[in-house]
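# Topology and contacts: notes
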Amino acid sequence: MTSPSLPENWRTLLAGYVLNDLDAEEVALVDQWLSQYPEVTAELDALQATWNRIPESLPIEPPPPLVRDRILAAVTPAAPAATTPARRWSWGLVGFGLGWAATALALIVVWQENQRLRLALRQTEAVVASFSQPASRLYTLTGTDVEPQASGRLVIDPNDRTALVTTTDLPTLSSREVYRLWAIADGDPIYCGEFNPQQPQDFNQWALPDLACGDVDVQMLITAERSTDPPVPAGDLVMEGQS
Amino acid sequence: MAPFSTPDSMPESKISDRDLINRLWAGHTEALAILYDRYASLVYTLALRMLSNPAEAEDLTQEVFVNFWQRRQYDPDRGSVGSYLTTYTRSRALDRLRVSSGRANILQRFQRITAASSRSATPFDHASQQEDQQQLRAALAQIPDTERQVLEIAYFQGLSQSQISEKLGIPLGTVKSRSRQGLLRLRDLLRRHQA
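Note that the coordinates shown come from a computational prediction; the quantities given were computed from them, not determined experimentally.

Residues and elements named next belong to chain B. Mean pLDDT for chain B: 80, with 77% of residues reaching 70 or above. Counted against residues more than four places away or in other chains, residues 1-8, with its pLDDT under 50, gives 16 contacts. Low pLDDT, under 50, characterises residues 99-123; the predicted model gives this stretch 60 contacts beyond four residues in sequence or across chains. Under the prediction, the complex receives an ipTM of 0.77, its pTM being 0.55.

Nonpolar side chains tend toward joint burial in soluble globular proteins. Counting 76 residues, the largest nonpolar core has Trp 51 of chain A together with Phe 65, Phe 68 and Leu 85 of chain B as the members making the most contacts within it. With 15 residues, helix H2 (residues 30-51) of chain B is the largest single contributor of residues to this core. Residues within four places of Phe 65 of chain B in sequence aside, it is in contact with Ile 71 of chain A together with Leu 32, Leu 35, Tyr 36, Tyr 39, Ala 40, Val 43 and Leu 85 of chain B. Counting residues in each nonpolar core, the second largest holds 26 residues, with Ile 156, Leu 181, Ile 222 and Val 238 of chain A among its members.

For the coordinates displayed, the defined rule picks out 12 aromatic pairs over all chains. Aromatic side chains Trp 51 of chain A and Tyr 155 of chain B sit 5.1 Å apart centroid to centroid with 65° between the ring planes, which places their arrangement in the edge-to-face category. One end of the pair, Trp 51 of chain A, is in helix H3 (residues 38-52); the other, Tyr 155 of chain B, is in helix H8 (residues 145-157), on a second chain. Assigned by exposure class, Trp 51 of chain A and Tyr 155 of chain B land together as buried. Cluster of aromatic residues (ring-pair linked, three or more members): Trp 25, Phe 68, Tyr 74, Tyr 84 and Tyr 88 of chain B. Looking at Arg 49 of chain B, its charged tip hangs above the ring of Phe 156 of chain B, at a distance of 4.3 Å from the centre. Positioned above the aromatic ring of Tyr 155 of chain B, the side-chain terminus of Arg 90 of chain B is 4.5 Å from the ring centre.

Looking now at the state of the cysteines. Residues and elements named next belong to chain A. Evaluated as defined, the whole model comprises one disulfide over all chains. Between Cys 192 and Cys 213 runs a disulfide, and the two sulfur atoms are separated by 2.1 Å. Across the S-S bond linking Cys 192 and Cys 213, the dihedral sits near -100°, which makes this disulfide left-handed. Taken together, the residues Cys 192 in strand E5 (residues 188-195) and Cys 213 in the loop between strand E6 (201-207) and strand E7 (219-226) connect sequence positions 21 residues apart.

On the chain A side, the residues contacting the 58 residues of chain B number 54 residues. The contact between chain B and chain A buries some 5500 Å² in all, and 60% of this surface belongs to carbon and sulfur atoms. Counting the surface chain B buries against chain A, the share from its top three residues, Gln 62, Arg 180 and Leu 183 of chain B, is 13%. Taken together, the links from chain B to chain A amount to six salt bridges. Notably, a salt bridge pairs Arg 71 of chain B with Asp 210 of chain A, separated by 3.6 Å at the nearest N-O pair. Here chain B and chain A share 14 residue pairs in polar contact (both at pLDDT 80 or more) between them.

What counts and what doesn't
- Along each chain, the written sequence defines residue order, and numbers are assigned to residues from 1.
- The order in which chains are written sets their letters, starting at A; the order in which ligands are written sets their numbers, starting at 1.
- With pLDDT at 70 or above as the cut-off, local features in this predicted model cover only qualifying residues; side-chain atom pairs require 80 or more to be listed or tallied, and sums for whole chains, interfaces and linings still use all residues.
- Neither water nor hydrogens contribute to the side-chain values; these are computed over all heavy atoms in the structure.
- Along the chain, pLDDT gives the predictor's confidence residue by residue, from 0 to 100.
- Contact between two residues is taken to exist if any of their heavy atoms lie within 4.5 Å; hydrogens are not considered.
- In plain words, nonpolar cores are sets of buried Ala, Val, Leu, Ile, Met, Phe, Trp, Tyr and Cys residues tied together by side-chain atoms within 4.5 Å.
- The cut-offs for exposure are 20% and 50% of the maximum accessible area for each residue type, with area from a 1.4 Å probe on protein chains only; residues under the lower value are buried, those over the upper are exposed, and the others partly exposed.
- Secondary structure elements follow DSSP: runs of H or I no shorter than four residues count as helices, runs of E no shorter than two count as strands, and numbering proceeds from the N terminus.
- Note on aromatic contacts: the rings of Phe and Tyr and the six-membered ring of Trp form a pair at centre separations within 6.5 Å, being stacked when their planes are under 30 degrees apart, edge-to-face when over 60 apart, and tilted otherwise.
- We call a charge positioned above a ring when the Lys NZ or Arg CZ atom is no farther than 6 Å from the ring centre and deviates by at most 35 degrees from the ring normal.
- Only a pair of cysteine sulfur atoms within 2.5 Å qualifies as a disulfide here.
- What gets called buried area is simply the loss in accessible area from a 1.4 Å probe that two parts show on being joined, summed for both.
- What makes a salt bridge here is a side-chain nitrogen of Lys or Arg within 4 Å of a carboxyl oxygen of Asp or Glu, nothing more.
- Two N or O atoms form a polar contact when they lie within 3.5 Å of each other; inside protein one atom must be a possible hydrogen donor and the other a possible acceptor, and for residues adjacent in sequence the pair counts only when both atoms belong to side chains.

Put into structure tokens, the structure is as follows:
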């Protein structure tokens, strides 16, 4: 039931309130009604909900499947980049006896060196590919007091919306923790993805969750966080980026 | 991260939005995939309509869902996921369109807008979503073309009423009365459908 104190055109004014076309005096009047009459609040909510539903009238257009993949990649921690089948090889070779031990050891060393070089090559290729993008931004990463030995490089490709980070001596975190990359713009941290290196020299690449991560005037920081924590920086600052 | 599981192997379609949000906030990012499957078409359709560019619409869809997960500003007690996502998508799309005259107002109104329709969607809601859309289209078809036109321009292009007046070459007062009448008519028609 409508209060007799409300004027005849009260609903018209509410429609104007939703459409944002009232003058200051009318807005004040509606605000006053909202504090006095529950039916005004209910009607305003209904009109607002009606306005919000307008896009539902559009013929549905599903997004390409690629969009779903990109979003899930952006919110899922990066998978470990390297594999370590060395142990299987070495166990197999140990059984060949002492005579073969030296050969096996040499083979392992060669294999590991090969792996290191291949990783370095992949790393170099990925970095070179990123460098070849004229819009790419390069940051030198240096460890803070928490991880003073750590160093690395960060390449942000705003066109491909990807981040590539190479790290040296940044410790592997437990499975419940991740390193998170932040872009600081006007003091506001923007979440730019996360990773966890699996070896002393490692690289990780992922899709950027926010376009602002590729902005020119941002400072890049890396913190260590629990993987289930909300994407707000709360853990130790471990690396800083200098462009 | 703990594996994502549903109680008693509940099918995804039966999990309410609120449960999915709770799981997402608890760190189960897989819940975002289910929310995406429910709302991505709505978000993308709106983004495409407003930006008229598939690549930009894809980009905005990604931004909307990643920010939804990242910023955690959505409160299930204050409105439905669909309402929040469409409002946020519209706001971001208008930002991209650089509708400078409307921008401040839109941002200012964002909190108020998301407070409306304060009921969280249930699985039943998703089942009847198509029916609701048909009702909305039918209701929109019943209001005069002149009223529908100003409402659609205001919503999808974010133009102020004086800009609409200029664009259509009609007096500002006419734009104002058409848009208010159109919204009231639409609301009454939908109420009748729901009754």
